[in-house]
Amino acid sequence: MSVVTFPQIAVIGARGRDLETHLGSAGMRVTSMAASDLLALAHPSARPSQVVIIDLRDASVLPPTVAVLRRNHPNTAVVLVVTHLDPTLMLDAMRSGVTEIVPEPLTQSALEAAVGRVWNAQEPDNAGQVIAVVGGKGGVGATTIAVNLATVLAREAPGEALLIDLHPAQGDAALQLGAEPRFSVVDALENTHRLDEAYFRSLVVVVKKGPDLLASSDRHVIGSPGADRVRALVEFAARTYKYVVLDVPRTDLSILDGLDNTQQVVIIVNQELSAIRNGARLVEALSQRYGKDRLILALARFDKAAEIGTEDIARVVGLPVSHVVPNDYRAAVRAVNQGQPIAMGEPNKLTVALKSMAISLAGLRPPPVEAPPSAGLLGRLTLRRTSQVL
Ligand SMILES: Nc1ncnc2c1ncn2[C@@H]1O[C@H](COP(=O)(O)OP(=O)(O)O)[C@@H](O)[C@H]1O
Ligand SMILES: [Mg+2]
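All of these numbers come straight from a predicted model, not from anything done at the bench.

A.B. asks: Is there a simple way to think about the overall build of the chain in this case?
C.D. replies: The helix and strand inventory of the chain stands at 16 helices and 13 strands. Counting only C-alpha atoms, the chain reaches 80 × 50 × 40 Å along its principal axes. For the chain, buried positions account for 48% of its 390 residues. A separation threshold of at least 6 residues defines the contact pool for the chain, and within that pool the share at least 24 residues apart is 74%. A gap of 8 Å separates the mean positions of the 38 positive and 39 negative side-chain charges of the chain.

A.B. asks: Any chance you could explain the site of ligand 1 here in plain terms?
C.D. replies: Taken together, 18 residues surround ligand 1, and among them Gly 139, Ala 142, Thr 143, Thr 144 and Asp 328 come closest. At 2.8 Å from an oxygen atom of ligand 1 is found a main-chain nitrogen or oxygen belonging to Ala 142. Within the side chain of Asn 327, one N or O atom sits 3.3 Å away from a nitrogen atom of ligand 1. When ligand 1 is considered free in solution it has 560 Å² of accessible area, and contact with the protein chains removes 83% of it. For the shell around ligand 1, the secondary-structure elements that each account for two or more residues are α6 (142-156), β13 (321-326) and α14 (329-338). Partitioning the shell around ligand 1 into residue classes produces eight nonpolar, seven polar and three charged.

A.B. asks: I'm lost on α6 in this one. Help?
C.D. replies: One full turn of an α-helix is made of 3.6 residues, so residues set three or four places apart face in the same direction. Along its 15 residues, α6 runs 21 Å from first to last C-alpha, staying within 8% of the 21 Å computed at 1.5 Å per residue. In terms of residue burial, α6 counts as a mostly covered element, since 13 of its 15 residues are buried.

A.B. asks: Help me understand the UniProt feature "domain: AAA" (unreviewed entry) in the chain, please; the structure alone is not making it clear to me.
C.D. replies: As recorded in UniProt, the sites labelled "domain: AAA" (unreviewed entry) are residues 129-285. Secondary structure content for residues 129-285 is 41% helix and 18% strand, and the end C-alpha separation is 22 Å.

A.B. asks: Can you help me understand the domain arrangement of the chain in this one?
C.D. replies: Size of an interface, as often reported, equals the accessible area lost when the parts are brought together. The assigned domain composition of the chain is domain 1 (9-125) and domain 2 (128-371). Here the C-alpha centre of domain 2 lies 38 Å away from the C-alpha centre of domain 1. If you look at the interface, domain 1 gives five residues, while domain 2 gives seven residues. Overall, the association of domain 1 and domain 2 removes approximately 530 Å² of surface from exposure, summing both partners, and the carbon and sulfur fraction of that is 27%. In this assembly, domain 1 and domain 2 are joined by two salt bridges.

A.B. asks: Can you walk me through the pairing of strand β10 (residues 243-248) in this structure?
C.D. replies: Consecutive side chains of a regular strand alternate in pointing toward one face of the sheet and then the other. Of all six residues that make up β10, six are buried, and the element is covered over most of its length. The alternating pattern of β10 places Tyr 243, Val 245 and Asp 247 and Val 244, Leu 246 and Val 248 on opposite faces, both of which are buried. Bridge analysis of strand β6 (residues 129-135) against β10 gives six bridges, and the strand direction is parallel. Directly across from Val 130, in β10, lies its bridge partner Val 244.

About the criteria used
Residues numbered from 1 in each chain as written. Chains lettered and ligands numbered in written order. Predicted model: local features only at pLDDT ≥ 70, side-chain atom pairs only at ≥ 80, totals over all residues. Heavy atoms only, no water. Helix = DSSP H or I, 4+ residues; strand = E, 2+ residues; numbered from the N terminus. Buried < 20%, exposed > 50% of the residue type's maximum accessible area, 1.4 Å probe, protein only. Contact = heavy atoms within 4.5 Å. Lys, Arg positive; Asp, Glu negative; His and termini not counted. Charge placed at Lys NZ, Arg CZ, Asp CG, Glu CD. Near = heavy atom within 4 Å. Polar contact = N/O pair within 3.5 Å; in protein donor to acceptor, adjacent residues only side chain to side chain. Areas by Shrake-Rupley, 256 points an atom, 1.4 Å probe, with all protein chains shown as cover. Nonpolar A, V, L, I, M, F, W, Y, C, P; charged D, E, K, R; others polar. Expected span 1.5 Å × (residues − 1). UniProt positions renumbered as here; feature names shortened; annotations may be inferred. Domains from an automatic or database assignment. Buried area = accessible area lost by both parts, 1.4 Å probe. Salt bridge = Lys/Arg side-chain N within 4 Å of Asp/Glu carboxyl O. Pairing = 2+ DSSP bridges.

Laid out in C-alpha cells, this is it:
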C-alpha cells in the first residue's frame, strides 16, 4: 500500500459528527470550527487550512464569504457538503471558485475522493522546490554542499528553507549547522501517516540565520524506510517550505527510489577515479529512473593541478560539469568545528562558488559579485587576479 499525506482540513459549521467520523476513518485529521468562523478565515491576514470543508446542509444559499475566502487564499481549496445538488447553488459555487460539492447521502469514499481531487489539483501551485544532493563516494563533500545550498536559500527566503538529512543514522548535517536536534528524520519517516504542519514543525530544528533542519538520527537504525515513506515525506516538506534540500545517502536504494518530487538531483564527484566511476553508475541508474533532465553534475573540492580535468569527468559521467566548488580544506574543517556553514563565513572563492551554485539551482537572480576583502594596492591587485580566476 502506498503511503499518502493528507492536507490540513478544517470542517466548518458541521451539523453533526458524521463528517468528522468519515474523514477520521479515512485517516484524515480535522479541526472543527463554527459557521461564524468562516469570516475570520477569509480575512487576508488569516492562515486557513489547505482544505476547508463547509457543511451547508442547513443553508439554502452559498454564503458570499466563500468567494472572499477563495479570492484571498487561492491555495486553500473548498469542498461543500449539501443535502442535494441545487442548480443555483452549484452555479454560485462555480463562480466562487469551488469545484467540489458532495451531496447526501454522505459516504466516506465520496468525501475522500473530493478532498483527494482538490488536494491534487492544488499541488503544482503551492509545492516548493526540492533539490537533492548525492555524492559519488563518501567524503566528496556532498553534505557540505547540501548544508550550504540550504543556508544560502534560507538567506534568500528566511524561514522558508528546509534541509532534510536523509541518512537514517549518523548524518553530519546537524554538526555542520551547529544544531542540536531532539527529533530526527526517522521520527518523520515512521509517522508519514500523521504528518501535518504542526507535527512536522515540532520535529525540525530552527537554525539561527540558517535553514530549518530535519536531522539524521543518532541512534542506530536497522533497515530502510522504503521509497513510499521517503516520497511522502519529501512531498509533505515541499508543501510546507519554499525550498527543500535533501542530503541523500548514495547507498540506500529505497531512498534513491523515493525522489519523484525532486526537481533537481545534484551528483557530486571529485577528481578521484572511484568517485567518478561511482558517479557515472549513479547517473546511469538515476537517469533510467527519473530521466536525464533532472540530473546535474557538480565537481567538488576542485584542484586545478589534478590529473583528471572537468572534460574527462563530463565524458565519463555523461553529463556536463555544471558547478565547480573549489578545494579549501581549512575553511571546510573550520566550518564544521565551529558549527557554522562555510556560506555564512567571510567571502572567499569557496563561499562565492557555493552561493552562485545555490542561486543558479533555485533559478534566482545571479549573485552580486562579492569581492574578497581588499587592502590598498595589494588588495586591488589580488582582487583583479581573483576575478580573472573566477
Ligand atoms: N570544498 C571543500 N574543500 C575541502 N574540503 C572539503 C570541502 N568540502 C568538504 N570538505 C571536507 O571533506 C570532508 C567530507 O565532507 P562531507 O561534506 O561530509 O562529504 P560527504 O557528505 O560527501 O561524505 C570533510 O572533512 C569536509 O570538511
Ligand atoms: Mg555526507
